[in-house]
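Report on the structure
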Amino acid sequence: MLAGILSAARRNNPQQGITGALICRHDVYLQLIEGPAEAIDSLYARILSDDRHTNVDLLLTEDMGERMFPAWAMLDDEAPSLFWSAQDVAAGALEKASPEELRAPFLRLSAAHPGAG
Ligand SMILES: Cc1cc2nc3c(=O)[nH]c(=O)nc-3n(C[C@H](O)[C@H](O)[C@H](O)COP(=O)(O)O)c2cc1C
């Protein structure tokens with residue numbers, strides 16, 4: 001399923017000026033999407049109507065001066081230590097997380113991929 005999502009992302013995102021990263025763990029996808037607001041709105045609408053998930057939460061929206069993943073149509077992460085445990089997620093850790101806590105795994109991912117800027 002992850003492969004299918006990434007392949008759609010890498011096919012579609014470049015032409016929309018969208019970059020980002022997708023962290024997948026314990027049946028939870030934590031995704032950072034960056035790009036022009038209209039392109040993001042339209043992608044988010046597509047994701048909302050995707051039946052590959054049971055629930056989507058918008059955790060944080062902000063204006064960003066610089067992209068975190070300028071070189072990545074959608075980077076996936078292969079370092080499992082970057083994310084909350086299954087118990088944390090079940091206990092609502094993502095909903096309770098501060099903007100800094102939500103940004104942290106993406107900052108680490110971005111730093112681990114110098115090509116990502
Ligand atoms: C968690 C999640 C993240 C997704 N991220 C993207 C994305 O970044 N870009 C994208 O084009 N589709 C993404 N999709 C897939 C879209 O929901 C949709 O299936 C796809 O954009 C349709 O593209 P197509 O018409 O080219 O097949 C994501 C789906 C899920 C469930």
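Read on for a plain summary of the structure. Please read all numbers here as calculations on a predicted model, not as lab measurements. (Residues numbered from 1 in each chain as written. Predicted model: local features only at pLDDT ≥ 70, side-chain atom pairs only at ≥ 80, totals over all residues.)

With that settled, the discussion passes to the sheet that holds strand β1 (residues 19-25). Overall, mixed pairing links the 3 strands, which are arranged β2-β1-β3 in an open sheet. With partners counted over all chains shown, the strands left at the sheet margins are β2 (28-34) and β3 (75-76), one partner each. Two strands pair when backbone bridges link them, and β1 and β2 are joined in this way by 7 bridges, in the antiparallel orientation. Note that in β2 the partner of I23 across the bridge is L30. Along the sheet, helix α5 (residues 99-112) makes contact with β1, β2 and β3, crossing β1 at roughly 110°. (Pairing = 2+ DSSP bridges. Helix = DSSP H or I, 4+ residues; strand = E, 2+ residues; numbered from the N terminus. Contact = placed C-beta atoms within 7 Å. Axes fitted to C-alpha atoms, helices over the stretch in contact; angles between N-to-C directions.)

Taken together, 15 residues sit near the ligand, with A8, A9, N12, Y29 and D50 positioned nearest. Of all the secondary structure elements, the ones that give two or more residues to the shell around the ligand are α1 (2-16), β2 and α2 (37-48). Per element, the largest residue contribution to the shell around the ligand is 6 residues, and it comes from α1. Here the shell around the ligand is built from residues that sort into 7 nonpolar, 4 polar and 4 charged. (Near = placed C-beta within 6 Å. Nonpolar A, V, L, I, M, F, W, Y, C, P; charged D, E, K, R; others polar.)

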